[in-house]
Amino acid sequence: MPYLNVVEVESALQVVAATHPGFTELVTLPHRTWENRVCRAVRVAADLATPRPTVVLVAGVHAREWGGPDILVSFLERLTAAAAAGAEIAVPGYTATAADVARIVGGLDFAVFPQVNPDGRAYSMHPDGDELWRTNRRPSPDGVDVNRNYDWLWDFRRHFDPRALARGEVSVSDTPGQDTYHGPDAFSEPETRNVAWLVDRYPTTRFLVDVHSFSELILYPWGDDDNQSTEPEQNFHNPAFDRRRGLLVQNGHPHAARYGEYLGSTHRRHLIEIGERMRDAVESVNGRRYTVQQGAQLYGTSGTSDDWTFARHVLDPARPVIYPYTIEFGREHPDDVAASFHPPYAEMARIIDEVVAGLLEMCLAGLDRLAAEQLP
């Protein structure tokens, strides 16, 4: 079976919504892409009129990472079919029982947006395109990295230490044509505006997962620098620390007299607990053990979906905390870069099973977290 193409992804969303009209709806996103494509998501809700805690799932942000949309389409199809039938969802090594499925669909709403960057995907998959294309298709010159375009430390030259930038320790660029070009402005791109619109449309959002490849990682905030929990004044929106961020300990910089991004110990514990349950579910399927780690331990970043999402509560405590994750599915193929980003489909089919298991377990872990928050 080949990867779903752009049209097939959109068709799958329409079929799911048409098959289960009682508890799903097709959501048309407001911003057309540079190539004038309409983007859609599917909302899953036992009561479409009464919002509950919401899980936002997005994929297909980077064009060459073909498997993300396939994962979310499979998750959506399995979840809705099982909910309609009162059945379990079983993959090799992992089962969400019928009671688990009922609990998930009864306790959570979903907004599933599998194909954030359809223009880039179409170009990457086209025989005359570039299968390693990463960005969207903003014309002149050569696209924007959608996952560097969110309004979180977007103006990286103001926020990051020049030494970290000079050493290439922060994966972002303001040079048009480069793979990590962050765009002319924060939220300049229709793709990022669509994701932001989706989160704003469902203010009960409590979890977000952005599916990428590759590296077998489950990443949580922050992405700019090493986390710390003792100095809350050291935070991304404090201009007193501009030009001091990004000198990561992992790159050999001493910890003394340097910046660390504040993450309260309670939030850090919750993020890791949920992430570890996701990891264990993934491992139960194919024996692949993903690593749960802070995003900055991969490399420094700015303008990313997970950090922007988590920052919303920090900037406005009246908003609920959103627990965000980036999943980097799949292993490296040392002799084939393209296969690292989009593995042969027999391998991808196994990856789909393991990530679906991880997403289901995230939902159960998230429900446990929400239940604990209600305790006196």
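Structure: above.
Quick notes on the rules
Residues numbered from 1 in each chain as written. Predicted model: local features only at pLDDT ≥ 70, side-chain atom pairs only at ≥ 80, totals over all residues. Heavy atoms only, no water. Helix = DSSP H or I, 4+ residues; strand = E, 2+ residues; numbered from the N terminus. Rg over C-alpha atoms; globule rule 2.2 N^0.38 Å. Buried < 20%, exposed > 50% of the residue type's maximum accessible area, 1.4 Å probe, protein only. Contact = heavy atoms within 4.5 Å. Areas by Shrake-Rupley, 256 points an atom, 1.4 Å probe, with all protein chains shown as cover. Lys, Arg positive; Asp, Glu negative; His and termini not counted. Charge placed at Lys NZ, Arg CZ, Asp CG, Glu CD. Phe/Tyr/Trp six-rings, centres within 6.5 Å; stacked < 30°, edge-to-face > 60°. Lys NZ or Arg CZ within 6 Å of the ring centre and 35° of its normal. Pairing = 2+ DSSP bridges. Axes fitted to C-alpha atoms, helices over the stretch in contact; angles between N-to-C directions. Patch = residues over 30% accessible without salt bridge, like charges linked within 9 Å, V, L, I, M, F, W, Y side chains within 5 Å. Salt bridge = Lys/Arg side-chain N within 4 Å of Asp/Glu carboxyl O. Parallel < 35°, antiparallel > 145°, perpendicular 65-115°, else oblique. Left-handed = near helix turned anticlockwise from the far one by under 90°. Nonpolar A, V, L, I, M, F, W, Y, C, P; charged D, E, K, R; others polar. Polar contact = N/O pair within 3.5 Å; in protein donor to acceptor, adjacent residues only side chain to side chain. Expected span 1.5 Å × (residues − 1).

Caption draft 1: Inspection of the overall build of the protein at higher detail. Counting its regular elements, the protein contains 11 helices and 12 strands. For the protein, the C-alpha radius of gyration of 20 Å lies close to 21 Å, the compact-globule estimate for 376 residues. Taking all 376 residues of the protein together, 59% fall into the buried category. Residue pairs in contact within the protein that sit at least 24 positions apart in sequence constitute 78% of those at least 6 positions apart. For the protein, the computed accessible surface area is about 14400 Å², with 51% contributed by carbon and sulfur atoms. Positive and negative side-chain charges in the protein, numbering 35 and 53 respectively, have mean positions lying 3 Å apart.

Caption draft 2: Here's a closer look at the packing of aromatic side chains. Under the counting rule described, the total for this entry stands at 14 aromatic pairs. Seen from their ring centres, Trp152 and Trp222 are 5.5 Å apart, and the 5° between their planes marks the pair as stacked. Here Trp152 is found in the loop between helix 4 (118-125) and helix 5 (156-159), whereas its partner Trp222 is found in the loop between strand 8 (217-220) and strand 9 (227-228), with 70 residues between them in sequence. With respect to burial, Trp152 and Trp222 carry one shared label: buried. An aromatic cluster of at least three residues, connected via ring pairs, comprises Trp152, Trp222, Phe236 and Phe310. One Lys or Arg, Arg137, reaches over the ring of Tyr123 and ends 3.7 Å from the middle of that ring. The ring centre of Trp133 lies 4.7 Å from the NZ or CZ of Arg137, which sits over that ring.

Caption draft 3: Here's a closer look at the sheet that holds strand 12 (residues 323-329). Spatially, the 8 strands line up as an open sheet ordered 1-2-6-3-7-12-8-11, and their pairing is mixed. Edge positions in the sheet fall to strand 1 (24-28) and strand 11 (291-294), since each has one partner strand and no second. With direction set aside, neighbouring strand axes in the sheet form an average angle of 20°. Looking at chain direction, strand 2 (residues 40-44) and strand 6 (residues 109-113) are connected through 3 bridges and run antiparallel. From the neighbouring strand, Val42 faces strand 6, where its bridge partner is Val112. Along the sheet, helix 7 (residues 190-201) contacts strand 1, strand 2, strand 3 (54-59), strand 6 and strand 7 (205-213); its crossing angle with strand 6, the most-contacted strand, is approximately 170°. Packed on one face of the sheet, helix 9 (residues 305-315) meets strand 7 and strand 12 and runs near 170° to strand 12.

Caption draft 4: Main features of a negative patch on the surface. A surface patch of negative charge is lined by Asp130, Glu131, Asp335 and Asp336. As for its placement among the helices and strands, Glu131 is situated in the loop between helix 4 and helix 5. The exposure class of Glu131 is partly exposed, given its relative accessible area of 37%.

Caption draft 5: Representation of the packing of helix 1 (residues 6-19) against helix 2 (residues 67-85). Helix 2 packs onto helix 1 with a crossing angle of 15° between their chain directions and a minimal axis gap of 11 Å. Between helix 1 and helix 2, the crossing angle belongs to the class labelled roughly parallel. Between helix 1 and helix 2 lies a crossing whose hand is left-handed. Residues Val9, Ala12, Leu13 and Val16 of helix 1 lie in contact with helix 2, whose contacting residues are Pro69, Val73, Leu76, Glu77 and Thr80. Looking at the contact of helix 1 with helix 2 residue by residue, the class counts come to 7 nonpolar, 1 polar and 1 charged.

Caption draft 6: Here's a closer look at the side chain of Arg121. Here Arg121 shows up in helix 4. Residue class for Arg121 comes out buried when judged on its relative accessible area of 2%. A polar side-chain atom of Arg121 sits 2.9 Å from the main-chain carbonyl oxygen of Trp66. Those residues in contact with Arg121 that sit more than four places away from it in its chain are Tyr3, Leu4, Asn5, Val6, Val9, Ala63, Glu65, Trp66, Pro69, Asp70 and Gln115.

Caption draft 7: Inspection of the side chain of His333 at higher detail. Among the secondary structure elements, His333 is positioned in the loop between strand 12 and helix 10 (337-341). A polar contact of 3.1 Å, which involves the side chain of His333, links it to the side chain of Glu347. Contact partners of His333, with chain neighbours within four places excluded, come to Ala339, Ser340, Pro343, Pro344 and Glu347.

Caption draft 8: Spotlight on the pattern of salt bridges. Counted under the stated rule, the structure contains 28 salt bridges. Salt bridges linked by common partners bring Glu25, Arg43, Arg52 and Asp109 together as one network.

Caption draft 9: Quick peek at helix 2. With 19 residues, helix 2 extends 27 Å between its outermost C-alpha atoms, agreeing within 8% with the 27 Å of an ideal straight helix rising 1.5 Å per residue. Two residues or fewer after helix 2 comes Gly86, characterised by a positive phi angle close to 65°.

Caption draft 10: Summary view of the pairing of strand 3. Most of strand 3 sits inside the fold, with 6 of its 6 residues counted as buried. The side-chain alternation of strand 3 yields two buried faces, one formed by Thr54, Val56 and Val58 and the other by Val55, Leu57 and Ala59. Of the pairings in the sheet, the one linking strand 3 to strand 6 comprises 5 bridges and is parallel in character. Paired with Val56 across the bridge in strand 6 is Ala111.

Caption draft 11: Region of interest: the packing of helix 2 against helix 3 (residues 98-107). Interhelical geometry of helix 2 versus helix 3 gives an angle of 105° and a closest axis separation of 10 Å. The angle between helix 2 and helix 3 falls in the class roughly perpendicular. Contacts from Leu79, Ala82 and Ala83 in helix 2 reach Val101, Ile104 and Val105 in helix 3. For the contact of helix 2 with helix 3, the residue count by class is 6 nonpolar, no polar and no charged.

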